[in-house]
Amino acid sequence: DVEGGGGGGAGGVAVVKSKIKSKISAFESFERRSKGGWYAALESQPVAKFLKRHCWILFTIFVLGLVLLAAVPGIRLLTAGGKAKVSPPSPAAAAVEAPSEVALLVVGDWGRDGSANQTACADAMGVVAKDILISGAANAAAGSSNTAAATAALDYVGVISTGDNFYEDGLANVLDPQFKTSFTGVYTHRALANLTWHAVMGNHDYHRDMPAQLSAELKAADPRWDAMAGGYREFGPGGVSNTAVAVLAAAAAAASAAAAAAAADDVDAVGAPVLGVCFVDTSPWVLDYRAKPP
């Protein structure tokens, strides 16, 4: 019985194995049939045939490309001696990028017929202006290889007056001698000779003939005089100019003939004005200031 039972068990196992193999065979047959349609169609394409035959060549090219991509930067550093080469900027570009500067001397409540304090202040202004002009001329000469950039280092030198130009009551008219005794005859230092005075009105200037200070007659009497009741001025490239800057350009031109040719270019094209100043006259807002000193 034991042997018979054992034999029956073995036969049962054999039957199960046979059924499993039959099912697996049927599944593989179905897989081959379903795969055969699209796979055979894909393999028949020229591109698929090419990739199948030459896939190892394409893979080799891809790997070599990655190696070269990683090696090129190192090769460049070796051929450059370990230093990156940078092309120097052209002279024209350097001229455009050169920084510009404006120098303004600011003074107010100064018109006192040349009294001791006014004269001392005028002398000090002359010394400062001289230092500014000498420094600017030296910079221009030092930059003789590129005059456009050198002259741009100092584009404008001038004076700003904050008002109360003539004490105690302004000017009586365009012929008032105080214009000479308080202005023309006081600011006589050589360094101030070509500096424009941009003057706004103060309350004391309204006590008598304020429009006289704005007249063409005073401008003709002393070309440095640029008075206004209020306004706006721009200083630097594209803004106002004066003969002091022209002196700097002449110094640079004398330093080099080649630089003089570059200086002939329009410096105003270098860029926008360096500085814009609003001149505000507060006197019209306080009517009492026109009648009497505060």
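Residues numbered from 1 in each chain as written. Predicted model: local features only at pLDDT ≥ 70, side-chain atom pairs only at ≥ 80, totals over all residues. Heavy atoms only, no water.

### Observations concerning the overall build of the protein
Alright, step 1. If you tally the helices and strands in the protein, you get 11 helices and six strands.
Alright, step 2. The buried share of the protein, reckoned over its 294 residues, is 30%.
Alright, step 3. In the protein, the share of contacts with a sequence separation of at least 24, taken over all contacts with a separation of at least 6, comes to 86%.
Alright, step 4. With an accessible surface of roughly 17700 Å², the protein has 64% of that area assigned to carbon and sulfur atoms. (Helix = DSSP H or I, 4+ residues; strand = E, 2+ residues; numbered from the N terminus. Buried < 20%, exposed > 50% of the residue type's maximum accessible area, 1.4 Å probe, protein only. Contact = heavy atoms within 4.5 Å. Areas by Shrake-Rupley, 256 points an atom, 1.4 Å probe, with all protein chains shown as cover.)

### Notes on the nonpolar core
Alright, step 1. In this structure, Trp110, Met125, Phe183, Tyr187, Trp197 and Trp225 are the most contacted members of the largest nonpolar core, which totals 28 residues.
Alright, step 2. Among the secondary structure elements, those contributing two or more residues to this core are β1 (102-107), α4 (116-142), β2 (156-161), α6 (178-184), β3 (197-200) and β4 (225-228).
Alright, step 3. Tallying contributions element by element places α4 first for this core, with four residues.
Alright, step 4. Apart from residues no more than four positions distant in its own chain, Trp225 is found in contact with Trp110, Asn165, Phe166, Phe179, Phe183, Trp197, Ala199, Gln213, Leu218 and Lys219.
Alright, step 5. Core analysis: the second largest hydrophobic core is formed by seven residues, Tyr156, Ile160, Val200 and Phe279 among them. (Core = buried A, V, L, I, M, F, W, Y, C linked by side-chain atoms within 4.5 Å.)

### Focus: the sheet that holds β4
Alright, step 1. Spatial ordering of the open sheet is given by β1-β2-β3-β4, a layout of four strands whose pairing is parallel. Since the sheet does not close on itself, it has two edges, and those belong to β1 and β4, each with one partner. Neighbour-to-neighbour, the strand axes of this sheet turn through a mean angle of 20°, independent of strand direction. (Pairing = 2+ DSSP bridges. Axes fitted to C-alpha atoms, helices over the stretch in contact; angles between N-to-C directions.)

### Quick look at the pairing of β4
Alright, step 1. Residues Trp225 and Ala227 point to one face of β4 and Asp226 and Met228 to the other, with burial holding for every one of them.
Alright, step 2. Here β3 runs beside β4; their pairing, made up of four bridges, is parallel. Residue pairing for β4: His198 is matched across the bridge by Asp226.

### Quick word on the confidence of the model for the protein
Alright, step 1. Across the protein, the average pLDDT comes to 72, with 52% of residues at or above 70.
Alright, step 2. Segment residues 144-152: pLDDT under 50, and 26 contacts once partners within four positions in sequence are set aside and those in other chains are kept. (pLDDT = per-residue confidence, 0-100.)

### Looking at unusual backbone geometry
Alright, step 1. A cis amide bond links Tyr167 to the next residue, Glu168, at an omega of 0°.
Alright, step 2. Of note, Glu168 is situated in the loop between β2 and α6.
Alright, step 3. If you check the backbone angles, Asp109 has positive phi at about 55° while not being a glycine.
Alright, step 4. Assignment of secondary structure puts Asp109 in the loop between β1 and α4.
Alright, step 5. One non-glycine residue, Asp113, lies in the positive phi region at around 60°.

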